[in-house]
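Here's the letter readout for the chains.
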Amino acid sequence: MLFHVQMDVRLPHDLPDETASALKQKERERAERLQREGKWRHLWRVAGRYANVSIFDVSGPQELHEILSGLPLFPFMDIAVTPLCRHPSSVHADDR
Ligand SMILES: O=C(O)CC1=CCC(=O)O1
């Protein structure tokens, strides 16, 4: 099942630089692993904002929630989830 996910990152201004750097590094490692596993299909930066839009390919909302809530930056992100289904005019056979 595909989900469009927008994550807006809001790190507290008083978060020490070292803590922020460690969180970002852990987030990167988790994101890279999930991409290699095929669960995090797209990851795009929103131009001009500390935010991303992503496409996840997971079994359903429960798995998505487990992934998102396990992200190192989860406590510092506003997340909006939109479930997706196939568009009848899409020419891409792999759209699910
Ligand atoms: O920088 C972001 O948008 C937050 C993030 C998600 C995956 C990642 O590596 O960073």
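Going by the structure above, here's the rest.
Structure report, in brief. Bear in mind the structure is a predicted one, so any value in this text is a computation, not a measurement.

Considerations on the overall build of the protein
Part 1 of the argument: Looking only at helices and strands, the protein has 2 helices and 4 strands in total.
Part 2 of the argument: Starting at the N terminus, the α and β elements of the protein follow one another as β-α-β-β-α-β.
Part 3 of the argument: Along the three orthogonal principal directions, the C-alpha set of the protein runs to about 50 × 25 × 20 Å.
Part 4 of the argument: Every one of the 96 residues in the protein was classed for burial, and the buried ones make up 33%.
Part 5 of the argument: Intrachain contacts of the protein at a sequence separation of at least 6 include 67% that bridge at least 24 residues.

A short note on the sheet that holds strand 4 (residues 77–84)
Part 1 of the argument: Here we have 4 strands laid out as an open sheet, ordered 2-3-1-4, and antiparallel in their pairing. The open sheet has two edge strands, strand 2 (40–45) and strand 4, and neither has a second partner. Recorded for the sheet is a direction-independent mean angle of 15° between the axes of neighbouring strands.
Part 2 of the argument: Here strand 2 runs beside strand 3 (residues 51–57); their pairing, made up of 5 bridges, is antiparallel. When the bridges of strand 3 are listed, Leu43 appears paired with Ser54.
Part 3 of the argument: Where helix 2 (residues 61–69) meets the sheet, its contacts fall on strand 1 (2–9), strand 3 and strand 4, and the angle it forms with strand 1 comes to roughly 25°.

Side note on the environment of Leu2
Part 1 of the argument: Checked against the element boundaries, Leu2 lands in strand 1.
Part 2 of the argument: On the basis of relative accessible area, Leu2 is assigned to the buried category, the value being 9%.
Part 3 of the argument: Spatially, the C-alpha atoms of Leu2 and Leu84 are 5.4 Å apart, while their sequence positions differ by 82 residues.

Here's the deal with the environment of Met1
Part 1 of the argument: Along the chain, the position of Met1 falls in the segment before strand 1.
Part 2 of the argument: Judged by relative accessible area, which is 44%, Met1 ranks as partly exposed.
Part 3 of the argument: Remark: the alpha-carbon pair of Met1 and Asp57, spanning 56 residues in sequence, is separated by 5.5 Å.
Part 4 of the argument: Residue contacts for Met1: discarding those within four places in its chain leaves Phe56, Asp57, Val58, Ser59, Gly60, Pro61 and Pro83.

What about the side chain of Asp57?
Part 1 of the argument: In this structure, Asp57 sits in strand 3.
Part 2 of the argument: A distance of 2.6 Å separates polar atoms of two side chains, one belonging to Asp57 and the other to Arg41.

Side note on helix 1 (residues 17–36)
Part 1 of the argument: Counted at 1.5 Å a residue, the expected span for helix 1 with its 20 residues is 28 Å, and the 29 Å between its end C-alpha atoms agrees.
Part 2 of the argument: Considered for burial, the residues of helix 1 that qualify are Ala20, Leu23, Glu27, Ala31 and Leu34. One face of helix 1 carries all of its buried residues, which in axial projection span an arc of 70°. Exposed and oriented more than 90 degrees from the buried face of helix 1 are Glu18, Lys26, Arg28 and Arg36.
Part 3 of the argument: After helix 1 finishes, the residue Gly38 shows a positive phi value of roughly 85°.

Cut-offs applied
Residues numbered from 1 in each chain as written. Predicted model: local features only at pLDDT ≥ 70, side-chain atom pairs only at ≥ 80, totals over all residues. Heavy atoms only, no water. Helix = DSSP H or I, 4+ residues; strand = E, 2+ residues; numbered from the N terminus. Buried < 20%, exposed > 50% of the residue type's maximum accessible area, 1.4 Å probe, protein only. Contact = heavy atoms within 4.5 Å. Pairing = 2+ DSSP bridges. Axes fitted to C-alpha atoms, helices over the stretch in contact; angles between N-to-C directions. Polar contact = N/O pair within 3.5 Å; in protein donor to acceptor, adjacent residues only side chain to side chain. Expected span 1.5 Å × (residues − 1). Arc of directions from axis to C-beta.

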